[in-house]
Amino acid sequence: MPHLAATRAALLRAADLARPNPACALLVGAGSVHDLPLAQLMDRFERIVLLDIAFGVEARRMTKRWPKRLHLCRHDVTGIVDWLARHRRLPPAEMLIRPVLPLLEIKPDWVASVNCLTQLPLLPLNYLADKVSDESALETFGRTLIQGHLRWLQAWRAPICLISEVEDRHFDRHGVLADSSDYRDLLQGFTAGAACVGRWPWQIHPPGELADGRHETRIVEAWCV
Ligand SMILES: C[S@@+](CC[C@H](N)C(=O)[O-])C[C@H]1O[C@@H](n2cnc3c(N)ncnc32)[C@H](O)[C@@H]1O
């Protein structure tokens with residue numbers, strides 16, 4: 001799939017541009033490893049930590065194959081999923097302010113957040129569905145989680161690669177743009193002065209996949225911060 005290949009290529013470009021120490025790389029949102037060029041990254045880093053809230057079979061299989069070099073770290077980067085599962089209400093602001101980093105054996109020399117930024121609000125918002133009806137409070141909460149992840153990345157004090165969709169375009173059956181969302185304003189402070197090392201369209205729902213002939217394309221960008 002072109003999006004997966006584009007993600008892999010952007011990660012390698014970003015790693016080569018950042019030229020970090022080769023001891024350890026941390027890959028965030030790495031639960032299914034589909035979009036990760038692990039073999040090529042293992043040529044560049046002695047140890048790779050895959051971080052996600054949940055891991056698929058392939059990620060587990062890979063770490064069994066290279067137990068000394070590939071490690072899994074199960075961690076919720078928002079820090080509030082367990083709390084929401086119990087309380088089912090909007091969390092107090094102070095819970096969202098301080099980034100909670102997992103304890104790793106080695107501090108990473110390079111951190112990449114891979115196609116997970118805009119996914120982060122999904123599970124939390126799911127816990128609040130039917131419990132919180134204030135749409136604008138929910139939207140603010142979702143934006144806070146996204147901005148919290150950017151602070152979380154910066155808290156490692158290492159070169160960062162961020163790969164994320166930045167725009168969502170919905171088309172009608174005639175190929176006319178019906179509506180779109182743009183997330184770039186959320187990234188502005190984070191990407192100021194950073195290098196964009198990739199931009200590509202991701203046809204997440206090609207024509208024929210949605211009802212009424214509608215289709216959807218996302219624009220993805222890769223940044224070296
Ligand atoms: C669209 S997938 C990204 C694909 C992925 N980069 C891969 O390995 O192919 C989004 C990922 O974000 C992870 N994720 C969602 N919420 C998370 C959270 N709160 N903390 C850590 N990972 C999370 C999901 O489990 C999923 O693996």
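Residues numbered from 1 in each chain as written. Predicted model: local features only at pLDDT ≥ 70, side-chain atom pairs only at ≥ 80, totals over all residues. Heavy atoms only, no water.

**Observations concerning the pattern of salt bridges**
Two side chains carrying opposite charge are able to pair once their charged atoms lie near each other. Condition: A pair is scored as a salt bridge if a Lys or Arg side-chain nitrogen falls within 4 Å of a carboxyl oxygen belonging to Asp or Glu. Only protein chains enter the calculation, and the probe is 1.4 Å; a residue is then buried if its accessible area is under 20% of its type maximum, exposed if over 50%, and partly exposed in between. Put simply, DSSP H or I for four residues or longer makes a helix, DSSP E for two residues or longer makes a strand, and each gets a number counted from the N terminus.
One pass over the full model with this rule turns up 12 salt bridges. Of the charged contacts in the structure, one is a salt bridge between R169 and E167, with a shortest N-O distance of 2.7 Å. The class of R169 is partly exposed, set by a relative accessible area of 29%. Between E167 and R184 there is a salt bridge, with the nearest N and O atoms lying 2.9 Å from each other. Here E167, found in strand β5 (residues 160-171), pairs with R184, found in helix α8 (residues 184-191); they are 17 residues apart in sequence, far enough to count as distant.

**So, the pairing of β5**
Spelled out, the test is: Strands are treated as partners if at least two bridges between them are detected by DSSP.
Where burial is concerned, most of β5 is hidden: 10 out of the 12 residues are buried. Across four bridges, strand β4 (residues 110-114) lies against β5 in parallel orientation. Bridging from a neighbouring strand, V114 pairs with I163 of β5. Summarising the sheet, β5 and strand β8 (residues 215-224) pair through 10 bridges and their orientation is antiparallel. Across the sheet, the residue bridging to D168 is R218, located in β8. The pairing of β5 with strand β6 (residues 177-182) spans five bridges and is antiparallel. Its bridge partner being in β6, D168 is matched across the sheet by S181. The hairpin formed by β5 and β6 contains five residues between the paired strands, and G175 there has a positive phi angle of roughly 80 degrees.

**Quick word on the nonpolar core**
Put simply, the rule is: Side-chain atoms within 4.5 Å are what join buried Ala, Val, Leu, Ile, Met, Phe, Trp, Tyr and Cys residues into a set we call a nonpolar core. Note on contacts: a residue pair is in contact if any heavy atoms of the two residues lie within 4.5 Å.
Within the largest apolar cluster, 32 residues are counted, with the highest numbers of intra-cluster contacts made by L27, L36, L38, I48, L50 and W110. The leading source of residues in this core is helix α1 (residues 2-18), at six residues. Residues contacting L27, with those up to four places away along its chain left out, are L36, L38, L41, I48, V49, L50, L51, W110 and A112.

**Some details on the packing of aromatic side chains**
Put simply, the rule is: Geometry of aromatic contacts follows a simple scheme: Phe, Tyr and Trp rings, the Trp one being its six-membered ring, pair when their centres are within 6.5 Å, and the pair is stacked under 30 degrees between planes, edge-to-face over 60, tilted otherwise. We call a charge positioned over a ring when the NZ of a Lys or the CZ of an Arg lies within 6 Å of the ring centre and within 35 degrees of the ring normal.
Under the defined criterion, the tally for this structure stands at two aromatic pairs. On the basis of an interplanar angle of 15 degrees and a centroid distance of 5.5 Å, the ring pair of F45 and W110 is categorised as stacked. Of this pair, F45 sits in the loop between α2 (38-44) and β2 (47-52) while W110 sits in strand β4, and the two are 65 residues apart along the sequence. Per residue, the accessibility class of F45 equals that of W110, and both read buried. Taking the centre distance of 5.7 Å and the plane angle of 75 degrees together, the rings of W152 and W156 count as edge-to-face. Both residues of the pair, W152 and W156, count as buried. Of note, R218 hangs over the ring of W202, and the distance from its end group to the ring centre comes to 5.9 Å.

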